[in-house]
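Descriptive structure summary
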Amino acid sequence: MNFDVPEFKKRLKTERAMGIEPAQLIQQEIRKAEEVKEGLSEENDHATEFVSEAINRIDTYIFQLHEIARDFNPKDFDLDQQTYLKDRGVHSRIGNRIERLKEQGEANASTEDPMLREGEEEQ
């Protein structure tokens, strides 16, 4: 996985054109990212700085996938995703935290990615 949102959006567009449900594709991508994060977490004793940086990037990617998911019908998603998508407070707090980390230079999110700013504009 390369955790690239623009690339994922292209893939999503292509898959949708082939008739694949967007919710299914987004959920699969979130699950894969979470599995990679889990695997990295187990290696934290060996390369703490690298693992921490990678986990920050994966968390940001998952956040951005949730932003994409908000454009679709929540009923198409599994219950855990439906719950997350409905909880605007948690989503807003995560977005604010990512923004603070970016300002401190601790998050690996692109500062040009408008997906991270959408949640703040809705407040």
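The shown structure was predicted, so the numbers you read here are calculated from the model rather than taken from an experiment.

Looking now at the packing of helix 1 (residues 5–17) against helix 2 (residues 22–42). Put simply, helix 1 and helix 2 touch, their axes get as near as 10 Å, and they point 145° apart. Judged by the sense of rotation from one axis to the other, the crossing of helix 1 with helix 2 is right-handed. Contacts between helix 1 and helix 2 involve Phe 8, Arg 11, Leu 12, Glu 15 and Arg 16 on the former and, on the latter, Pro 22, Leu 25, Ile 26, Glu 29 and Lys 32. Residues of the contact of helix 1 with helix 2, tallied by class, amount to five nonpolar, no polar and five charged.

What follows covers the packing of aromatic side chains. For the structure shown, the criterion picks out one aromatic pair. Measuring from centroid to centroid gives 5.3 Å for Phe 3 and Tyr 61, while their planes differ by 80°, and the two rings are edge-to-face. Note that Phe 3 is positioned in the segment before helix 1 and Tyr 61 in helix 3 (residues 48–69), a separation of 58 residues in sequence. Like Tyr 61, Phe 3 is buried.

All right, on to the pattern of salt bridges then. Under the counting rule described, the total for this entry stands at four salt bridges. Through salt bridges with shared partners, a single ionic network connects Arg 11, Glu 29 and Lys 32.

Criteria and cut-off values
- Residues numbered from 1 in each chain as written.
- Predicted model: local features only at pLDDT ≥ 70, side-chain atom pairs only at ≥ 80, totals over all residues.
- Heavy atoms only, no water.
- Axes fitted to C-alpha atoms, helices over the stretch in contact; angles between N-to-C directions.
- Helix = DSSP H or I, 4+ residues; strand = E, 2+ residues; numbered from the N terminus.
- Left-handed = near helix turned anticlockwise from the far one by under 90°.
- Contact = heavy atoms within 4.5 Å.
- Nonpolar A, V, L, I, M, F, W, Y, C, P; charged D, E, K, R; others polar.
- Phe/Tyr/Trp six-rings, centres within 6.5 Å; stacked < 30°, edge-to-face > 60°.
- Buried < 20%, exposed > 50% of the residue type's maximum accessible area, 1.4 Å probe, protein only.
- Salt bridge = Lys/Arg side-chain N within 4 Å of Asp/Glu carboxyl O.

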